[in-house]
Amino acid sequence: MQVLLQLLISGVLLGAVYALGALGLNLIFGVAKVVNFAHGEFLMLGMFAGYWLMTLTGINPYYGAPLIGVAFFLLGLLFYGGLMRFTIYKPELTQVFATLGLGILLQNLALMAWSADYRTVQVMPPGFESINFLGVFVPTNRLVAAGYAAVILGAVIVFLKTTFTGRAIEAVSQDLMAARLMGVNPNRIFLITFGLGIALTGVAGAVLVPSFYAFPSVGSFFVLVSFVVVVLGGLGSVAGTALGGLVLGIVETGTGYLAPDLKEATHFVLLILLLALRPHGLLGVKGAEKETLK
Amino acid sequence: MSLLEVTGATKRFGGLVAVNAVDLRVEAGGIVGLIGPNGAGKTTLFNLIAGAFAPDAGDVVFDGRSIAGLHAATICERGLARTFQIPQPFGSMTVLETITTAALLHGRHIGRAEQAARLAAERVGLQGREDVLTGSLTNAQKKRLEVGRALGTMPRLLLLDEVMAGLNAAEVSRMLDVIRRLRGEGVTVLLVEHNMEAVMAVTDRLVVLDSGRKIADGPPLEVVEDPQVIRAYLGEDDAAELEDSDAERP
Amino acid sequence: MRAHGYLATGRRDLPGLALTLLVAVALPLLVRDEYYANVLVLILIYAGLASSWNLIGGVAGQFSLGHSAFFGIGAYSSTILYNYLGVSPWLGLLVGGVISVALAALISFPVFRMRGVFFAMATLAVSETIRILVIYARKFVPLPYSISINYEPGFWRMIFEDRSSYALLAGCYFLVCAAVTFVLTRSYTGYYLRAIRDNEDAADASGIHIRRYKLLAFVVSAFLTAAGGTLMAQYILYIEPGTVFSMELSVDLPLMSILGGIGTVLGPFVGALILIPLRELLVEHLGGTLPGAHLVLYGLLLILIVILLPNGLLGGLARLGARLRGRRPAARPEVRKA
């Protein structure tokens, strides 16, 4: 019983982290129909941003995350304006390779700049690294990250539902043609979406760095996890991302307990099964997996 | 025995019954028009016959054998070819390559398929355009290419899905020529159209659907006089108004 | 265009044929320098691998990012059979090929339900799963993480003393891959695969059994990729899961095809001909001093190629040629002028 509770809580905390990490990927996919293969690298950059913020200025990434969010919003604008703008109406293959190429580029730039060392930061004061809850061991870093995830997921949902820009984003994601006819400029929406998606990814990275090691190739792990979360939860659905993250977190924690070496394989098996059986995900819109901008 | 026999075909989408217990016969050698207002279920019935999806109830018998629920490709092999309302060209191919692809169904010899394709291109009025990439065709030409591709498979029954929609008067008349010529060659055609006038010109029989049900079936001139058909097309009030204004006209 | 039989061949195929024979057979016999022979072997093996990928990824338009699974299976099958059971790698090649074909047929059920980027993600997931399972399998079988093959030259062992023999072997491999591509693209299957790539609905309505032809392209591609895996293992004489099941390889093969001209017979070869020497040069000059620098350039190159040369060099050349001859360039020449 104690073990089950421990697994469940660990799974939920991990799942929240995964959901937060995948949110930016899903937002960009939902709106621009681009699967960003460089997503993991942006997350990696977010982790390094959190790391350097703490190391150089002493600002705890938990407090500095909004700052990193702003910086990454600009980075996202640059990403769209400097690269994705040229691929957005082109075949999927172009987008896949443009983002794959960018991923390889960023990963190795990070390698050149910061070497392959594993880095993390110590933010919680000694003695507060974990708390004991009903006899269950809860790492405080994960708890804070999960809190962040809950707040940000909620904020994004509110933003999309209530603000004018948010509703325009939703409109473009549902029907580009109709949105265009209603006077929404899709290119502006794409720009904002990329800014927002990358900002969320940067924040996620910064919040994760106290509990995950940052290193140049960490993105390859997270990009695959994020794919699974997005597909699991449903393409273009924020609430689905949260659910997908939780399901994956719990499944992975469970598998990790039973067969640690197969932990990673569960992601992929889950992904293949899901893509085959329910390609629109748990909460996604049917047919989204076949949708493109063309 | 009819070439195509649809009995009690029913298709539901969620709570909506798109096609409700429809019977339809197409005799060999004729041109049958399937018409109805928007949302009448024409396209759904068409897709049931062409194999895009299986009927929930009822049967589709082609040439004595049931084809309900078979793959579209298998149905095509049996001799029933369709066009798409929105042309679906092979983007990397020329006109000739497109029709050749279809003509390869009856033999893997490329030279012979190409010869057959040239004939089909000529039949739909695309001669001289054989080496043009499909993307550079006009919309009207793309629609004729759809017919050409379907003809390439040498069908015994040709299903045409709104091949005249979106065409101007001159293009419609050109398409009608193509269809008339097919009749002369003994091809059986089932024509789905929204535009009643165009259909009147070429069909031997008209079938009218409304809200998923068949409401009329007979010679075109009789069918268009059918009050039920007029009501379906114009709505209750408009139909009454039309009758009034006809009466008032000096 | 002339009337033709079961293969749509013409005079325009002759220069490509001559070039292929020259590179695949004549060069291996001529190049004696160890360094260049090594580059030649790599070019030819990669050209064959990229051609294999091109069958499903380019000709049939199903964008696989999981071909390292087949490559790795080829490498592992022959190596394990040879090292532990003494089976000739020539037979091991067939075994790896058959296993890959079985895997391709098995995963075709889920992955062919997806199109475009979802197919890419699913195949990627498959190859990652296989890599993890191979590493996991060491819990149950006494298999070291990395396996070396003893250097004992011999024809039946598929181990050779001089690199030019390897070059000739690689040349033959490439020749087979190119020939298979040639026959598949110039016969009715080529029309069918192009139709499927262009428009599945219209292909279906033209009487083409989509799954059947996709599967055909997939299993042939899988078999040939596995064969390349065996060849590479016999050349390097060393394998480990991290390198033979690497995502890098899964990305390299499509990249080479795109660079040369995706869907064409010689495009993958042209891509390998440019990328392999380029990479060797980059690694040589930057790899030691600045780790990662060559991959930064590689990533940049990848971006530039897909944006500036979406039809590849052969497509670009066809366009240029058309323009020089004063004709309007075809919208997508890459598939027409292979």
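Presented here is a report on the structure given in the accompanying data block. (Residues numbered from 1 in each chain as written. Chains lettered and ligands numbered in written order. Predicted model: local features only at pLDDT ≥ 70, side-chain atom pairs only at ≥ 80, totals over all residues. Heavy atoms only, no water.)

1. Let's talk about the pairing of strand 7 (residues 157-161) of chain B
Residue and element names in this part refer to chain B. Taken across its five residues, strand 7 has five buried, putting it largely inside the fold. The alternating pattern of strand 7 places L157, L159 and D161 on one face and L158 and L160 on the opposite face, and all of these are buried. Between the parallel pair strand 7 and strand 8 (residues 188-193), the chain is carried across by helix 6 (residues 169-184), and the sense of this crossover is right-handed. (Buried < 20%, exposed > 50% of the residue type's maximum accessible area, 1.4 Å probe, protein only. Helix = DSSP H or I, 4+ residues; strand = E, 2+ residues; numbered from the N terminus. Right-handed = clockwise from strand over helix to strand, strands pointing away.)

2. Here's the deal with the interface of chain C and chain B
By a widely used convention, the size of an interface equals the accessible area lost when the partners come together. Residue-level contacts link 32 residues of chain C with 29 residues of chain B. Note on chain C versus chain B: buried area summed over both sides is about 2700 Å², and carbon and sulfur give 59% of it. Broken down residue by residue, the surface that chain C buries against chain B is led by Y191, A205 and S206 of chain C, which jointly contribute 21%. Counting the contacts that link chain C with chain B gives one salt bridge. Its salt-bridge partner being E97 of chain B, residue R194 of chain C comes within 3.2 Å of it at the nearest N-O pair. Run the count over chain C and chain B and you get eleven residue pairs in polar contact (both at pLDDT 80 or more). At the level of elements, helix 7 (188-198), helix 8 (200-205) and helix 15 (333-336) of chain C are the ones that each hand at least two residues to the side of chain C that touches chain B. Element by element, the count of residues in the side of chain C that touches chain B is highest for helix 7 of chain C, at seven residues. (Contact = heavy atoms within 4.5 Å. Buried area = accessible area lost by both parts, 1.4 Å probe. Salt bridge = Lys/Arg side-chain N within 4 Å of Asp/Glu carboxyl O. Polar contact = N/O pair within 3.5 Å; in protein donor to acceptor, adjacent residues only side chain to side chain.)

3. Regarding helix 3 (residues 95-103) of chain B
By the criterion of burial, helix 3 of chain B is predominantly enclosed, with nine of the nine residues buried. Listed as buried for helix 3 of chain B are V95, L96, E97, T98, I99, T100, T101, A102 and A103 of chain B.

4. Focus: the sheet that holds strand 7 of chain B
All names here are of chain B. An order of 6-7-8-3-9-10 is seen for the six strands of this open sheet, with the pairing classed as mixed. The open sheet has two edge strands with one neighbour each: strand 6 (80-82) and strand 10 (213-218). Put simply, the sheet's adjacent strands are angled 15° from each other on average, direction ignored. Two strands pair when backbone bridges link them, and strand 9 (residues 205-210) and strand 10 are joined in this way by five bridges, in the antiparallel orientation. The residue of strand 10 that forms the bridge with L209 is K214. Of the strands in this sheet, strand 3 (31-35), strand 6, strand 7, strand 8 and strand 9 are in contact with helix 1 (residues 42-50), which crosses strand 7 at around 150°. Against the sheet, helix 5 (residues 139-152) makes contact with strand 6 and strand 7, and its axis sits at roughly 160° relative to strand 7, the strand it touches most. (Pairing = 2+ DSSP bridges. Axes fitted to C-alpha atoms, helices over the stretch in contact; angles between N-to-C directions.)

5. Notes on the interface of chain A and chain C
Facing 39 residues of chain A, the contacting portion of chain C comprises 39 residues. When chain A packs against chain C, close to 3500 Å² is buried across both sides, 84% of that on carbon and sulfur atoms. Between chain A and chain C we count zero salt bridges in total. Inspection of the region where chain A meets chain C yields one residue pair in polar contact (both at pLDDT 80 or more). Looking at the side of chain A that touches chain C, the elements that each hand over two or more residues are helix 4 (92-114), helix 9 (218-233) and helix 11 (263-277) of chain A. By residue number, the principal contributor to the side of chain A that touches chain C is helix 4 of chain A, which donates 15 residues. For the side of chain A that touches chain C, the residue count by class is 29 nonpolar, four polar and six charged. (Nonpolar A, V, L, I, M, F, W, Y, C, P; charged D, E, K, R; others polar.)

6. Side note on the sheet that holds strand 4 (residues 57-62) of chain B
Residues and elements named next belong to chain B. Overall, antiparallel pairing links the four strands, which are arranged 2-1-4-5 in an open sheet. With one partner strand each, in any of the chains shown, strand 2 (16-26) and strand 5 (65-66) form the two edges of the open sheet. Bridging between strand 1 (residues 4-13) and strand 4 involves five bridges; their strand directions are antiparallel. In the sheet register, L4 faces strand 4, and the bridge partner there is F62. Seen against the sheet, helix 1 touches strand 1, strand 2 and strand 4 and runs at an angle of roughly 120° to strand 1.

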